[in-house]
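# Fold and geometry: a report
The chain contents come next:
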Amino acid sequence: MAEISLTVNGERTAAQVDPRTLLSDFLRDGLNLTGTHVGCEHGYCGACTVLVDGASARSCLMLAIQADARSVETVESLSVNGAGLHPIQQAFKDCHGLQCGFCTPGLLMSVVELAATNPDCGRDEIREHLSGNVCRCTGYHHIVDAVERALNGVPGRADDS
Amino acid sequence: MKPPRFAYHAPRTLPELLETFNETADEAVVLAGGQSLLPMLNLRLAAPSHVIDLGRVPGLDSIASTNGSVEVGAMVTHYRMETDAVVAASVPLARRAAGYVGYRAIRNRGTVGGSVAHADPAAEWPIVLLALDGEVGLASVRGWRSIAAEDFFESVYTTAKRPDEIVTSLRLSTRCAHRWGFSEFQRRTGDFATVAVAVACAVEAGEICEARVAIAGVADRPMRCREAEAVLVGGSATAAADAAEAASDSVDPISDIHGSSAFRKRLVHAETLRAVRQAFSANEAGARDG
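Residues numbered from 1 in each chain as written. Chains lettered and ligands numbered in written order. Predicted model: local features only at pLDDT ≥ 70, side-chain atom pairs only at ≥ 80, totals over all residues. Heavy atoms only, no water.

### As for the overall build of chain A
Our working rule: We count a stretch as a helix when DSSP gives it H or I for four or more residues in a row; a strand needs E for two or more, and each element gets its number in order from the N terminus. Atoms considered for the radius of gyration are the C-alpha atoms alone. The globule rule reads 2.2 Å times the number of residues to the power 0.38.
Counting its regular elements, chain A contains 5 helices and 5 strands. Going from N to C terminus, chain A has its helices and strands arranged as β-β-α-β-β-β-α-α-α-α. What you see for chain A is a C-alpha radius of gyration of 16 Å, in line with the 15 Å of a compact globule of 161 residues. Its C-alpha atoms give chain A principal-axis dimensions of roughly 50 × 30 × 25 Å.

### Focus on the domain arrangement of chain B
All names here are of chain B. What counts, and what does not: As annotated, the domain borders come from an automatic or database domain assignment. In what follows, a contact means two residues having at least one pair of non-hydrogen atoms within 4.5 Å. Buried area, as used here, totals the accessible surface that two parts lose on assembly, with accessibility defined by a 1.4 Å probe and the loss added over both.
By the assigned domains, chain B splits into domain 1 (7-53), domain 2 (63-173) and domain 3 (179-281). Computed from C-alpha coordinates alone, the two centres of domain 1 and domain 2 are separated by 19 Å. Contact with domain 1, which involves 12 residues of that partner, is made by 15 residues of domain 2. The junction of domain 1 with domain 2 conceals about 1,100 Å² of combined surface from both sides, 75% of it contributed by carbon and sulfur atoms.

### Thoughts on the pairing of strand β7 (residues 143-148) of chain B
All names here are of chain B. Stated precisely, the cut-off is as follows: When DSSP finds two or more bridges between a pair of strands, those strands are recorded as paired.
Direction of pairing for strand β6 (residues 135-140) relative to β7: antiparallel, over a ladder of 6 bridges. Across the sheet, Ser140 pairs through a bridge with Gly143, a residue of β7. In sequence, β6 turns back onto β7 through a hairpin of 2 residues.

### Observations concerning the domain arrangement of chain A
The figure often quoted for interface size is the accessible area lost as the parts come together. Residues and elements named next belong to chain A. The following threshold applies: Put simply, a salt bridge is a Lys or Arg side-chain nitrogen that is within 4 Å of an Asp or Glu carboxyl oxygen. In protein, a polar contact requires one atom able to donate a hydrogen and another able to accept it; more generally it is a pair of N or O atoms within 3.5 Å, and residues adjacent in sequence count only if both atoms are side-chain atoms. Gly is put with the polar residues, along with every residue not named as nonpolar or charged; the nonpolar set is Ala, Val, Leu, Ile, Met, Phe, Trp, Tyr, Cys and Pro, and the charged set is Asp, Glu, Lys and Arg.
Per the domain assignment, the segments making up chain A are domain 1 (2-77) and domain 2 (87-152). The straight-line distance from the C-alpha centre of domain 1 to that of domain 2 is 21 Å. Taken together, the 19 residues of domain 1 in the interface contact 13 residues of domain 2. Buried surface at the junction of domain 1 and domain 2, both sides included, amounts to about 1,100 Å², of which 61% is carbon and sulfur. Summed over the shared surface of domain 1 and domain 2, the number is 0 salt bridges. Linking domain 1 with domain 2 are 5 residue pairs in polar contact (both at pLDDT 80 or more), by the criterion used here. At the level of elements, β3 (49-52) and β4 (55-58) are the ones that each hand at least two residues to the side of domain 1 that touches domain 2. A class-by-class count of the residues in the side of domain 1 that touches domain 2 yields 8 nonpolar, 9 polar and 2 charged.

Quick look at the structure:
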């Protein structure tokens, strides 16, 4: 076992980890942050996407021990204890950008990165940026609508009723 | 699945890294960005006794422009290659190729050194190295050496790197960076290439005096296509179609689940045509005054 010390969602955390523990499992099982979903576990599906020092990363393709002294943000950072939905989450809700919701945490964290690094992008760039997040329900149209709404305030095809 | 048990090492200096690797080399793997290694560990395709993490070793992530070349540290990520100003100015072909690697989350963590050491025959960096007359820098406890890209890639996941050596840097020549093109066919965005083509040309007095064409996805290693290069040297804009024809004729591609040999031959034609047209077009990003 090895001692790691990192910041998760703004809070300093220290823990003992087996070096082979994946960051995804450490977040879910060690810190009970089960918002990070684990799908394919080999880097294809994108459900486990989190931010490491602000940049998106597959938490299933990272050892927890690699996150030592880093800052990790998960989907739980977006809406803290009943403080209401983050604008990106609200846009996903308004535009029906999810159905079963399994892929949503990873998509949201990818969009947080996009909003921080390229907020003025169009639909093609949104699709390119989200190409690493697989959704088997929506067909992606409403996800792109939601991201466009979140980034640019574009009404898209939101159903506000 | 989850990775098997291993002993984890995070050396803090290059000498410590090389010493650790030398002591464990037969049973150790090197962890760079982990975007190929972690899937292999998770799927239990690899079961090393030791994992040596390069992530805490300083000095492996610099990008420096020297006389006639750009030196890239092995731990430089694909995303940095996509966004770095020195790369954009000196070897724009490398910047373009970086954008084809995986997805953003993969590019954020995956490294050029890891990709080159892994030597997937459909990867982008090996053909960029071939097109830009690149060299691979290798270090071990025995010392440092550099090997030409053409001699480095031997077969699928197999390179001329000796068991105790670690890839520490890549050197890309700017001699052929004047005119360049890069084109790739992927089934889905972020997949490995079915076929990818990199073209780099040196221009003197308005004429192409040297051309390098490198192709991924047609053999067990990245290939240079000298037939297409011969067409381009001294050639005019109409040479694009001839070069594409020559490239397609010269390859005898593999067939696999991603595409038949005949399909890949057609792709070599199409992607070579696109890459050469980029290199020739004055209006495209592919042309830089030289």
